[in-house]
There are 2 protein chains.
Amino acid sequence: MANITKKVSWSSRGDESGGGERTPLLNGSEEIRITRQLSGDGGMFHIGRLSTVDLEEDLTSEEDTVRGCPKEIPHNEKLLSLKFESLDYDNSENQLFLEEERRMSFMGFRCLEISRWVVCGLIGFLTGLIACCIDIAVENLAGVKYFVVKQNIEKFTEVGGLSISLILWAVLNSAFVMVGAVIVAFFEPGAAGSGIPQIKCYLNGVKIPRVVRLKTLVVKVFGVICSVAGGLAVGKEGPMIHSGAVVAAGVSQGRSTSLKKDFKIFEYFRRDTEKRDFVSAGAAAGVSAAFGAPVGGVLFSLEEGASFWNQMLTWRIFFASMISTFTLNFFLSIYNKKPGELSSPGLINFGRFESESVAYNIYEIPLFIVMGAIGGLLGALFNILNYWLTIFRIRYVHRPCLQVMEAMLVAAVTATVSFTMIYFSNDCQPLRPDQSEDYPLQLFCADGQYNSMATAFFNTPERSVRSLFHNPPGSYNPLTLSVFTLTYFLLACWTYGLTVSAGVFIPSLLIGAAWGRLFGILLASITPNGSIWAVPGKYALIGAAAQLGGIVRMTLSLTVIMVEATGNVTYGLPIMLVLMTAKIVGDYFVEGLYDIHIKLQSVPFLHWEAPATSHWLTAREVMSAPVTCFKRIEKVATIVDVLSNTSTNHNGFPVVVPVAASDDPGKICGLILRSQIIVLLKHKVFVELARSRLTQRKLQLKDFRDAYPRFPPIQSIHVSQDERECMMDLTEFMNPTPYTVPQETSLPRVFKLFRALGLRHLVVVDNENRVVGLVTRKDLARYHLGKHGLEEMQLAQT
Amino acid sequence: MANITKKVSWSSRGDESGGGERTPLLNGSEEIRITRQLSGDGGMFHIGRLSTVDLEEDLTSEEDTVRGCPKEIPHNEKLLSLKFESLDYDNSENQLFLEEERRMSFMGFRCLEISRWVVCGLIGFLTGLIACCIDIAVENLAGVKYFVVKQNIEKFTEVGGLSISLILWAVLNSAFVMVGAVIVAFFEPGAAGSGIPQIKCYLNGVKIPRVVRLKTLVVKVFGVICSVAGGLAVGKEGPMIHSGAVVAAGVSQGRSTSLKKDFKIFEYFRRDTEKRDFVSAGAAAGVSAAFGAPVGGVLFSLEEGASFWNQMLTWRIFFASMISTFTLNFFLSIYNKKPGELSSPGLINFGRFESESVAYNIYEIPLFIVMGAIGGLLGALFNILNYWLTIFRIRYVHRPCLQVMEAMLVAAVTATVSFTMIYFSNDCQPLRPDQSEDYPLQLFCADGQYNSMATAFFNTPERSVRSLFHNPPGSYNPLTLSVFTLTYFLLACWTYGLTVSAGVFIPSLLIGAAWGRLFGILLASITPNGSIWAVPGKYALIGAAAQLGGIVRMTLSLTVIMVEATGNVTYGLPIMLVLMTAKIVGDYFVEGLYDIHIKLQSVPFLHWEAPATSHWLTAREVMSAPVTCFKRIEKVATIVDVLSNTSTNHNGFPVVVPVAASDDPGKICGLILRSQIIVLLKHKVFVELARSRLTQRKLQLKDFRDAYPRFPPIQSIHVSQDERECMMDLTEFMNPTPYTVPQETSLPRVFKLFRALGLRHLVVVDNENRVVGLVTRKDLARYHLGKHGLEEMQLAQT
């Protein structure tokens, strides 16, 4: 749709080299717009243009001062950014690694396995604890706020001058949201939004800068407390998942780079393979804590992350999920003064649907499917509106102060709209003794009655959802519900994408529950014998599922999460059918909300399979060529020059044995990563020096682990003129058996290998084993099925 | 442990060439015991010895007459049989395949996708229907039986002569079991047992002969009805899973080879890749129907089968599971005269544990863990006893008639033991109006009372489990429970492995529920204030989980199945901890029951990862070499001779370009399968003939699909002397881009590639791309971690 210039991004506030108001895409001076023909005949580019160094993190932290002049990023969902790097899920099995593994006894492996379990237990525990803190903080803050406002409203209802109550409410909301927005906008923009798109990308294998930092976690937690307490139409579930992932990334490394503290434990886990596994567990623990759905959490992690399914890993992920739910329940039970009662579910509690009272019948299934279609339509509408809004924000709302002001505006408007609707609503309901509402507002209702619109707005969204599911028939009148649906839909749509830490799950559920209940009430009214439709809570549930499915388009894990959150497996089939329908209908119009935001960030996201009609493409057309290779024993000057070349910025270098005719590419004998070479350079592992200081200790795997994950940039390593003349022997450090494919391999086959093994570099060889190209994530992510068949996205050096 | 001669096996009744009473392993005339050194220096064997043709199926069906002289199979759990072949999960991307894929439009792929969903829906529907039939048949048959026996007992209780009742009972049981055993032993031995080990192997990628045949399904269904109705200590859940898998394999192919009927649909799915995916769905549907656990079913399939996780596939599997539960519920609701009430769970119904009434507390968790350890111990004991019994059976009980007699004996003994125990029990309980027992036996109790021992025996095992879970405290006295546990333990152990179609899930649950309830009662009696322990049903549940976990050692899926079957997610953590403890304790002594039976069949089963300490092995040591290769254009005589060589029996042949020095191995340019060559030979695709009949149609993918999966043996293809002089051009039919690894690749790396992509042949090349070896399933499955580190299993040509 729009080809615009991006001024906000997930990760950076424009702290890199770029300057003024140019659109680099359109004046290719530094950043070159790379357009490659599909046929591949004229499309031979230097691979350097297709990959970039992942050192931004460090630059970022150094240059935090350069604020307020955001770099413009060419921005289009048909572009792939070269800024993002892959994680190395494939171990580099070099000699050091193999020696370590061979030295390790069986007991050593067993200890490792036990420490993996311990780490997962810790992840679950901490995630549950954080969830518990968030929950308690939100409950208390929101409680105080609603109490004050209620007091105020009640005072002024009698004496008149309710506008003062409105102002009080709006100011309270804005104040909370301001705090939340300021910490996000000024301290850690990576903590904005729900975090689910970022975690999806991370689990997919894309290294999103700063996404699993401690600072992000802190800002995320405080941000979400503020935004929920500030009465925005947001949920705290997405941020919980992100928090779990950060906890996992932190705990598993046994140190904190931000706090400069190394506990000297879990050093074995300091590589992408292990870290990504733990982050899966963390995300699962987050889901588990958020929804009380440990199985749903595991499936979420698998759906988003796993490529190669491993039983022990899944089992560990499940353990983390279980511990997380358990911890949350345990602490909440203490908080609720019923210590030891572990049967309460997660943060979000849909309440239990009893099969006896809320049974469904086979002839209701078509109705559920219709609701699924409605959910798909409304979800698509939501996503399209939010897409436009995001584009608008990228164009015009990119300065932190503007972002904070927008968030405050939304908070004030939310309060105003709520207040107006409560004010003008005349839906009075009798106050029953078993009243579940915490803050029933009488307002202009008769004594013994309360304003039903007020219960919907005057509550945290979680409680409103539960009321819609479980309040007895007749608790809401249709007009209230329809007005509520409309306003909340617009508010939620406006809210998602603000520079606050907030999720979209609960607002979606709330919208869906509202129109679902409305649907149920209408059904009951048009059928003569309304007894079977008399359970509007059932329709509220289905509507909630449909709306959420229509917005986020998750499938398996969402079904299980819904089933677990309702505690009733018999709703499995209807929920599944509804989610399928919502997805099919929604996908017809637009992608899911998370995918839209991922695409808007131009992330090279790999789907499950190559596009169906891509069999006519082969590795030869897909790969990047020619490749910069190193020899086994290479001159330091050559290496430093290649690494320093900012226009190429390679990350993986095939190591080759040159063949006779020097023009021909060499035969592959290994693959070495930039990060490895950096460590070698830092430790001056040169052939000449090795001879002169034989007694000195050999470089060990530990040296690589200590530098992980923030390897210094090449610029920070001083290489003297003498050293430039030395030679480096890469044999010991390269991966001697990188995966290779012949040139004729079809794209789906390359894709499958790449995806299944979580590769970062795949070497393409000819039938003499000579290196002819290199396939990286961008080369595969470029192809996607558009409306007119296979399309290729452009790569942008941003 | 024992190195014995096997006379019964899963698949064959000795219908192959083998003869008398020799032990081939010990007189290596035809079958050579292949002992290979780990170092690999002297271990160069002709690869033919390491693989065998998978044509046994057809020979079997032809030669069913050769019965009663079973072939002896060298038999040891430290052996790997060469009889089993891998499935080809990797597509052979030859020119025909690529042409078809490239021709196919996007709509074509979409239609394929839709038909996959339709097939999954059908699989779910049929599996649910079969489950429903089994359930209704068992209920009715068992009902009639118990009614008759009860009448008889009541008649004779007064007049004396209860021995006549005993005889009646024993005869009825034996009659049912005889029918069940006869059809299994004489018609389809593959239908014996629970079928889960076979399905595990199939999903692991091993082609188990006859396991997914229509005949197997029919025998399985009737067999399980007979054995459950015959009162054996068996369940119908394992067979349900097997049935689902057979249904899937049948439906997805759109034809029945057994019935000689081809519906000409789903032809695209006629290859191992697609079939295995559908079988996963079928197994999941089976679990789902058996336990009312659709999510558990999906996880079962993934735990056992999936290597490469694919979201769409999982989603389809889930769909099949859902449909299966739904179908079962729908038909059962009609049968129970409450049409449309879909809220009843699967075949096994644990009843709902309400969190309010059956809460647990944090200080009970150590108790649960202790119970897990007990379950692990008892499970290990069960497995060891059953292992010895299986060895005994393999040695002495190998003729069908003996097997039938053993089954009848067990049935009679079961009846006798039950009767004796009921007779001598004096555990009388008052008959309450809300009595849930169907057949309360008064026997010698006072009027208005019933014999509590009788309820445990005089019931289908499913009902007994439910009674143990849900009957109020005081329904059973401790003595009854302990005697019951002991006898049922022994009976169940004796029963598993009989030549009847029967599962071990329910008996395990029943044993565990009995001692778990006993545990709860004892706890209540030793604590002064017994109120908190007063819910023995809770301990029955934990005990059931512990015992089942101790026997089968499943983890993730079993947790979810138990949680879904109890309908209460709050028991997730205790059940998980219990299963983990049971697995850890049990694994210390002996493997899981299914794994024992898989090992006793010498199946080359690939675990999730290579043994931890195998990094010092490389592809060079692991591979089989030298390899029989073909040239691109090869003489027919050479091909026919290689294929006919029964001492080699290769299945995959690298296609090479010869290099100058003719002794050197050629450069790899493709891989062709025996099955493909067979089809080529059958259609006389010779270079010379192609020239003479240019107008004739080209060989198409359809020809290969029509022959799938029962490719004719080479012996059945007549090749004349003239034709032997012709040449065959393999270029078009070979897979031009087989996966290759260099010789130095470490075993874990080879293993990961092989397992993740579901390969059958992995070519090992040197740095000139010359073929130096071939890695197949057996080469990888040979290595396992024994008590003294890495051990290597021997290969046996059986």
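All residue numbers here refer to positions counted from 1 along the written sequence of the relevant chain. Chains and ligands are labelled sequentially in the order written, the chains with letters from A and the ligands with numbers from 1. Predicted model: local features are reported for residues with pLDDT of at least 70 only, side-chain atom pairs are reported and counted for 80 or more only, and whole-chain, interface and lining totals are derived from all residues. Each side-chain value is derived from all of the structure's non-hydrogen atoms; neither hydrogens nor water enter the calculation.

## What about the overall build of chain A?
Helix and strand definitions follow DSSP, with helices as H or I runs of at least four residues and strands as E runs of at least two, each counted in order from the N terminus. Counting its regular elements, chain A contains 28 helices and 20 strands. Values of accessible area rely on a 1.4 Å probe in the Shrake-Rupley scheme; residue burial ignores everything except the protein chains shown. Entry remark: accessible area of chain A is about 27300 Å², with carbon and sulfur atoms responsible for 62%.

## Side note on the interface of chain B and chain A
Residue contacts follow a heavy-atom distance rule, with two residues in contact if any of their heavy atoms lie within 4.5 Å. Opposite the 85 residues of chain B that make contact, chain A presents 86 residues. Accessible area that two parts lose when put together, evaluated with a 1.4 Å probe and summed over both, is termed the buried area. Where chain B abuts chain A, roughly 7900 Å² becomes buried across the two surfaces, and 66% of that area is made up of carbon and sulfur atoms. Every case where a carboxyl oxygen of Asp or Glu lies within 4 Å of a side-chain nitrogen of Lys or Arg is listed as a salt bridge. Taken together, the connections running from chain B to chain A amount to 4 salt bridges. With its nearest N and O atoms 3.0 Å apart, the salt bridge here joins Asp90(B) to Arg749(A). Put simply, the parts of the chain that give the side of chain B that touches chain A at least two residues each are α2 (95–103), α3 (106–159), α9 (294–304), α10 (311–335), α18 (556–566), α19 (572–589), β15 (740–742) and α27 (747–757) of chain B. Split by residue class, the side of chain B that touches chain A holds 43 nonpolar, 26 polar and 16 charged. Classification used: nonpolar for Ala, Val, Leu, Ile, Met, Phe, Trp, Tyr, Cys and Pro, charged for Asp, Glu, Lys and Arg, polar for all others including Gly.

## A look at the side chain of His597(B)
Residue and element names in this part refer to chain B. As for its position among the elements, His 597 is in helix α20 (residues 593–600). When its relative accessible area of 11% is taken as the criterion, His 597 is described as buried. Within polar-contact distance, the side chain of His 597 engages the side chain of Asn 386 at 2.9 Å. Accessible area is worked out with a 1.4 Å probe on protein chains only. A residue is then buried under 20% of its type maximum, exposed over 50%, and partly exposed in between. Any pair of nitrogen or oxygen atoms within 3.5 Å is treated as a polar contact; in protein, a donor-acceptor pairing is required on top of that, and neighbouring residues in sequence qualify only through side-chain atoms on both sides.

## Observations regarding the sheet that holds strand β12 (residues 652–657) of chain A
The strands that make up a sheet are held in pairs by hydrogen bonds between backbone atoms, and each pair lies either parallel or antiparallel. Residues and elements named next belong to chain A. Within the open sheet, the 3 strands sit side by side as β10-β12-β13. Their pairing is mixed. Two strands close off the open sheet at either side, each with one partner strand: β10 (630–631) and β13 (667–673). Sheet analysis places β10 next to β12, joined by 2 bridges and oriented parallel. Bridged to Lys 631 within β12 is Val 656. Note on pairing: two strands pair once DSSP finds at least 2 bridges between them.

## So, the environment of Ala380(A)
All names here are of chain A. As for its position among the elements, Ala 380 is in helix α11 (residues 365–396). Along the chain, Ala 380 and Val 585 lie 205 residues apart, while their C-alpha atoms are 8.4 Å from each other. When residues no more than four places from it in sequence are discounted, the contact partners of Ala 380 are Gly 550, Arg 553, Gly 586, Phe 589 and Val 590.

## So, helix α18 (residues 556–566) of chain A
Residues three or four positions apart in an α-helix share a direction because the helix packs 3.6 residues into each turn. Among the 11 residues that make up α18(A), 11 are buried, leaving the element largely enclosed by the rest of the structure. Those residues of α18(A) not exposed but buried are Leu556(A), Ser557(A), Leu558(A), Thr559(A), Val560(A), Ile561(A), Met562(A), Val563(A), Glu564(A), Ala565(A) and Thr566(A).

## Some words on the environment of Lys599(A)
Summarising the element assignment, Lys599(A) is placed in helix α20 (residues 593–600). Assessed through its relative accessible area of 22%, Lys599(A) is described here as partly exposed.

## Quick notes on the nonpolar core
One finds Phe318(A), Phe382(A), Phe318(B) and Phe382(B) to be the most contacted residues of the largest nonpolar core, which totals 318 residues. Contact partners of Phe318(A), with chain neighbours within four places excluded, come to Pro294(A), Val295(A), Val298(A), Leu556(B), Thr559(B), Val560(B) and Met576(B). Residues Ala619(B), Ala625(B), Leu759(B) and Leu790(B) belong to the second largest nonpolar core, which totals 58 residues. For the purposes of this section, nonpolar cores are sets of buried Ala, Val, Leu, Ile, Met, Phe, Trp, Tyr and Cys residues that join through side-chain atoms within 4.5 Å.

## Notes on the state of the cysteines
In protein chemistry, a disulfide is the covalent bond that joins the sulfur atoms of two cysteines. The rule for a disulfide is simple: a pair of cysteine sulfur atoms within 2.5 Å. The full count for this structure, using the stated rule, is 0 disulfides over all chains. Residue Cys120(B) stays outside any disulfide, its sulfur separated by 16 Å from that of Cys111(B), the closest cysteine.

## Some words on α10(B)
For a helix, the expected span equals 1.5 Å multiplied by the residue count minus one. Taking 1.5 Å per residue, 25 residues should reach 36 Å; α10(B) reaches 36 Å between its end C-alpha atoms and fits that length. Just downstream of α10(B) lies Lys337(B), where phi reads positive at about 65°.

## Notes on the confidence of the model for chain A
Residues and elements named next belong to chain A. Predictor confidence is given residue by residue as pLDDT, running from a minimum of 0 to a maximum of 100. For chain A, the average pLDDT comes to 80, and 83% of its residues sit at 70 or higher. Ignoring residues within four places in sequence, the model shows residues 1–8, a span with pLDDT below 50, making 42 contacts including any to other chains. Taken together, the stretch residues 11–74 has pLDDT below 50 and engages in 154 contacts with residues farther than four places along the chain or on a different chain. With a pTM of 0.87, the predicted complex shows an ipTM of 0.86.

## What to know about the packing of α3(B) against helix α6 (residues 214–229) of chain B
Two numbers describe a pair of packed helices, the interaxial angle and the distance between the axes. All names here are of chain B. Whenever a helix is involved, its axis is fitted only over the stretch in contact; in every case the axis is a line through C-alpha atoms, and angles between N-to-C directions fall within 0 to 180 degrees. Closest axis-to-axis distance for the α3/α6 pair is 8 Å, and the angle between their directions is 30°. Accordingly, the angle class assigned to the pair α3 and α6 is roughly parallel. The way α3 lies across α6 gives a crossing that is right-handed. The residues of α6 that touch α3, namely those facing Ile 130, Ile 134, Ala 137, Val 138, Leu 141, Ala 142 and Lys 145, are Leu 217, Val 221, Val 224, Ile 225, Val 228 and Ala 229. The scheme is simple: roughly parallel for angles under 35 degrees, roughly antiparallel for over 145, roughly perpendicular for 65 to 115, oblique for anything else. Crossing handedness: left-handed means the near helix sits turned counterclockwise from the far one by under a right angle, and right-handed means the same turn made clockwise.

## A closer look at the pairing of β12(A)
Residues and elements named next belong to chain A. The buried fraction of β12 is high, at 5 of 6 residues. Taken together, the 6 bridges between β12 and β13 define a ladder with antiparallel strand orientation. Bridging across to β13, Val 656 finds its partner in Ile 668.

## Quick notes on the packing of aromatic side chains
Residue and element names in this part refer to chain A. Under the pairing criterion, centres of Phe, Tyr and Trp rings, with the six-membered ring standing for Trp, must be within 6.5 Å; the plane angle then separates stacked pairs below 30 degrees from edge-to-face pairs above 60, leaving the rest tilted. Tallied over the entire structure, the rule returns 40 aromatic pairs over all chains. Between Phe 125 and Phe 331, the aromatic rings sit 6.2 Å apart at their centres with planes inclined by 65°, giving edge-to-face as the arrangement. Placement of the pair is Phe 125 in helix α3 (residues 106–159) and Phe 331 in helix α10 (residues 311–335), with a sequence separation of 206 residues. Relative accessible area serves as the criterion here: at 27%, Phe 331 is assigned to the partly exposed category. Judged by centre distance (6.2 Å) and plane angle (45°), the ring pair of Phe 704 and Phe 733 falls under tilted. On the criterion of sequence distance, the pair formed by Phe 704 in helix α25 (residues 701–707) and Phe 733 in the loop between β14 (727–729) and β15 (740–742) is long-range, its members being 29 residues apart. A relative accessible area of 11% means that Phe 704 is categorised as buried. Put simply, the rings of Trp 117, Trp 315, Phe 318 and Phe 319 pair up and form one aromatic cluster. Across the ring face of Tyr 89, the terminal group of Arg 276 is positioned such that the distance to the ring centre comes to 4.4 Å. Criterion for a charge above a ring: Lys NZ or Arg CZ within 6 Å of the ring centre, and within 35 degrees of the ring normal.

## Digging into a nonpolar patch on the surface
Only residues whose relative accessible area exceeds 30% and that take part in no salt bridge are eligible for patches, with like-charged residues grouped when within 9 Å of each other and nonpolar side chains (Val, Leu, Ile, Met, Phe, Trp, Tyr) grouped when within 5 Å. Together, Leu214(A), Val218(A), Phe222(A) and Leu259(A) make up a nonpolar patch on the protein surface, roughly 370 Å² of accessible area in all. Summarising the element assignment, Leu259(A) is placed in the loop between β6 (255–256) and β7 (261–262).

## Some details on the pattern of salt bridges
For the coordinates displayed, the defined rule picks out 62 salt bridges over all chains. Among the salt bridges present, the one from Glu725(B) reaches Lys635(B), with a minimum N-O distance of 3.4 Å. Of this pair, Glu725(B) sits in the loop between α26 (721–724) and β14 (727–729) while Lys635(B) sits in strand β11 (residues 633–635), and the two are 90 residues apart along the sequence. By relative accessible area, Glu725(B) is classed as partly exposed at 47%. Each of Glu113(A), Arg116(A), Arg271(A), Glu274(A) and Arg316(A) takes part in one network of salt bridges that share partners.

## Focus on the relation of the copies chain B and chain A
Copies of the same chain, two in number, are related to each other by a rotation about an axis and a translation along it. A residue counts toward the fit only if its pLDDT is at least 70 in both copies, and the copies are then superposed by least squares on the C-alpha atoms of those residues. Mapping chain B onto chain A leaves a residual RMSD of 0.0 Å; the transformation is a rotation of 180° accompanied by 0.0 Å of translation along its axis. Expressed as a symmetry operation, the mapping of one chain copy onto the other fits a two-fold axis. A shared binding surface is used by both copies, with 100% of the interface residues of chain B retained as interface residues in chain A.

## Quick notes on the sheet that holds strand β16 (residues 761–765) of chain A
Residues and elements named next belong to chain A. An order of β15-β16-β17 is seen for the 3 strands of this open sheet, with the pairing classed as mixed. The outermost strands of the open sheet, each flanked by one partner alone, are β15 and β17 (771–776). Here the strands of the sheet are splayed against their neighbours by 30° on average, with no regard to which way each runs. Relative to β17, β16 runs antiparallel, the two being bridged by 5 bridges. Looking at β17, one finds that His 761 is bridged to Thr 776. Against the sheet, helix α27 (residues 747–757) contacts β15, β16 and β17, and its axis sits at roughly 145° relative to β16.

## Section: the pairing of strand β19 (residues 789–792) of chain B
Residues and elements named next belong to chain B. Pairing between strand β18 (residues 783–786) and β19: 4 bridges, direction antiparallel. Note on β19: the bridge partner recorded for Gly 786 is Gly 789. Counted along the chain from β18 to the antiparallel partner β19, the turn is 2 residues long.

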